[in-house]
Amino acid sequence: MTTAVEVRELRKTFGSTEVLHDVTFSVRQGEIFGILGPNGAGKTTTIECIVGAQRPTSGTVEVLTRTPHVDRGAIRQLVGYQLQSSVLPNALRVREVLEVFARLYPAPRDVARLMDETGLTPLARARVGTLSGGQRQRLSIALALVGSPRIVVLDELTTGLDPQARLAMWELVERVSGGGITVLLVSHALDEVERLCDRLTVVLEGRTIFTGTPHELHELAPTAPDGGRRSLQDAYLELIERRSDAAGTRRN
Ligand SMILES: Nc1ncnc2c1ncn2[C@@H]1O[C@H](COP(=O)(O)OP(=O)(O)OP(=O)(O)O)[C@@H](O)[C@H]1O
Ligand SMILES: [Mg+2]
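Criteria and cut-off values
Residue numbers restart at each chain and count upward from 1, following the sequence in its written direction. For naming, the first written chain is A and the first written ligand is 1, with later ones following in the order written. Confidence filtering applies because this is a predicted model: local features only for residues at pLDDT of at least 70, side-chain atom pairs given and counted only at 80 or more, and all residues used for totals across whole chains, interfaces and linings. Only hydrogens and water are set aside when side-chain values are computed; all heavy atoms of the structure are taken into account. Axis definition: a line fitted to C-alpha atoms, over the contacting stretch in the case of helices. Angles run 0 to 180 degrees between N-to-C directions. Numbered from the N terminus, helices here are DSSP runs of H or I no shorter than four residues, and strands are runs of E no shorter than two. By definition in this entry, angles of less than 35 degrees are roughly parallel, angles greater than 145 are roughly antiparallel, angles of 65 to 115 are roughly perpendicular, and the rest are oblique. Rotating anticlockwise by less than a right angle from the far helix to the near helix defines a left-handed crossing, while the corresponding clockwise rotation defines a right-handed one. Every residue pair with non-hydrogen atoms within 4.5 Å of one another is taken to be in contact. Residues were grouped as follows: Ala, Val, Leu, Ile, Met, Phe, Trp, Tyr, Cys and Pro as nonpolar; Asp, Glu, Lys and Arg as charged; and all remaining residues, including Gly, as polar. Salt bridges, as used here, are contacts in which a Lys or Arg side-chain nitrogen is within 4 Å of a carboxyl oxygen on Asp or Glu. Burial status follows relative accessibility: with a 1.4 Å probe on protein chains alone, a residue under 20% of its type maximum counts as buried, one over 50% as exposed, and anything between as partly exposed. Throughout this document, a residue counts as near a molecule or strand when at least one of its heavy atoms sits within 4 Å of that molecule or strand. For this analysis, a polar contact is any N or O atom pair within 3.5 Å, provided that within protein one partner can donate a hydrogen and the other can accept it, and provided that sequence-adjacent residues contribute only side-chain to side-chain pairs. Multiplying 1.5 Å by the residue count of a helix minus one yields the expected span of that helix. By convention, a stacked pair of Phe, Tyr or Trp rings (six-membered ring in the case of Trp) has centres within 6.5 Å and planes under 30 degrees apart, an edge-to-face pair has planes over 60 apart, and any other such pair is tilted. By definition, being over a ring means that NZ of Lys or CZ of Arg is both within 6 Å of the ring centre and within 35 degrees of the ring normal.

**Q** Any details on the packing of helix 3 (residues 94-102) against helix 5 (residues 133-145)? Residues and values, ideally.
**A** Running from N to C, helix 3 and helix 5 point in directions that differ by 20 degrees, and their axes come no closer than 10 Å. As summarised for this structure, helix 3 and helix 5 are arranged roughly parallel, according to the angle between their axes. Remark: the crossing between helix 3 and helix 5 carries right-handed chirality. Where helix 3 approaches helix 5, its residues Val94, Val97, Leu98 and Phe101 are matched on the opposing element by Leu139, Ala142 and Leu143. Residues belonging to the contact of helix 3 with helix 5 are distributed by class as follows: seven nonpolar, no polar and no charged.

Below, the structure is given as structure tokens:
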């Protein structure tokens, strides 16, 4: 199995603040890989090191054998990063935005086909500023895919979407994955992770505390004190609580 992304002992400091202490995981080519952890744990910072937007303070990050912050040109073509929907150009029409971005890449996807796959065809002439939250999310995913990347990074794909739009987004991710693209998915939603992810990693206070399958995560704490079966979310919360206590003890 070939490795798509390798992160080893990643540390990142901003000024005197150490945000990442030791993040370590590897993502296999073709899998859907989840990155979980509480707010402020360091997920987005890790992603920024993977896409070359931040330079690691120490440790290793390799993406398809390249070093992201060094080989930024290659990484830009290999990795599609879902733009935050807040930075989309509101005055342009959906098709125009996709065409403008497509021109930035040597081998872009066909825009009409991409709009079809992402459910944007009926919105081709709509101005970006008039789109609903779910429609903007679709556009940001389409933009992440327009350069024919080998890896796509989705940071909080379905936050704020209604159940129907979430389901549509999940189907879209499954279709993207089915096409052979490796997917990195930052998520707070355990139902989403359970449905989509082959494997996942949990980051707590800048450290990796678990990497494995959703099933293996569940197996860490499968039953509640009353003997009932725990949900994946409960098992995850139990892990976070246990390890937060341990981190507190270490600090004191
Ligand atoms: N450029 C920066 N300068 C200083 N501190 C930063 C910078 N970027 C991030 N941080 C800090 O690093 C920590 C981790 O932030 P990060 O955005 O990676 O968290 P996250 O896990 O993505 O959280 P969330 O779930 O809320 O999105 C936070 O405490 C944040 O304030
Ligand atoms: Mg984040």
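After presenting the structure, the write-up continues.
**Q** Let's hear about the pattern of salt bridges: which residues, and what values?
**A** Applying the stated rule across the entire model yields 10 salt bridges. With a closest N to O distance of 3.2 Å, glutamate 18 and arginine 11 form a salt bridge. Among the residues examined, glutamate 18 registers a relative accessible area of 29% and is labelled partly exposed. You can call arginine 11 partly exposed: its relative accessible area is 28%. Arginine 166 is the partner of aspartate 191 in a salt bridge, and the nearest nitrogen-oxygen pair spans 3.1 Å. Residue aspartate 191 is located in helix 7 (residues 190-196), and its partner arginine 166 is located in helix 6 (residues 163-178); the two are separated by 25 residues in the primary sequence. Taken together, the salt bridges that share partners define one network made up of Arg109, Arg113 and Glu117.

**Q** Describe unusual backbone geometry, listing the residues and the values that go with them.
**A** Even without being glycine, glutamate 9 reaches a positive phi, approximately 50 degrees. Mapped onto the elements, glutamate 9 comes out in strand 1 (residues 3-14). Judged by relative accessible area, glutamate 9 falls into the exposed class, the value being 56%. Here the phi dihedral of serine 148 falls at roughly 55 degrees; this positive angle occurs in a residue that is not glycine. Within the fold, serine 148 resides in the loop between helix 5 and strand 6 (151-155).

**Q** Go over the site of ligand 1 with me, naming the residues and quoting the values.
**A** Near ligand 1, the surroundings consist of Phe14, Val19, Pro38, Asn39, Gly40, Ala41, Gly42, Lys43, Thr44, Thr45, Glu156 and His188. In the model, an oxygen atom of ligand 1 is placed 3.2 Å from a nitrogen or oxygen of the alanine 41 main chain. At three residues, the largest contribution of residues to the shell around ligand 1 is made by helix 1 (residues 43-50). Its residues assigned to classes, the shell around ligand 1 comprises four nonpolar, six polar and two charged.

**Q** Could you give an account of helix 5, with specific residues and numbers?
**A** Compared with an ideal rise of 1.5 Å per residue, which puts 13 residues at 18 Å, helix 5 spans 19 Å between its outermost C-alpha atoms and is within 8% of the ideal. The buried count for helix 5 comes to 11 of 13 residues, which makes it a mostly enclosed element. Inspection of helix 5 places Gly134, Arg136, Gln137, Arg138, Leu139, Ser140, Ile141, Ala142, Leu143, Ala144 and Leu145 among the buried residues, and these make up the whole buried set. The elements touched by buried residues of helix 5 are strand 5 (79-81), helix 3, helix 4 (111-117), strand 6 and helix 6.

**Q** Describe the environment of leucine 10, naming the residues involved and giving the relevant values.
**A** Relative to the assigned elements, leucine 10 resides in strand 1. In sequence terms leucine 10 and arginine 207 are 197 residues apart; their C-alpha atoms lie 8.8 Å from each other.

**Q** Any chance you could break down the packing of aromatic side chains for me, citing the residues and the numbers?
**A** Scanning the entire structure with this criterion turns up one aromatic pair. Aromatic side chains phenylalanine 25 and phenylalanine 33 sit 5.2 Å apart centroid to centroid with 20 degrees between the ring planes, which places their arrangement in the stacked category. Neither phenylalanine 25 nor phenylalanine 33 differs from the other in exposure class; each is buried. Lying across the ring of tyrosine 105, arginine 76 places its NZ or CZ 5.1 Å from the centre.

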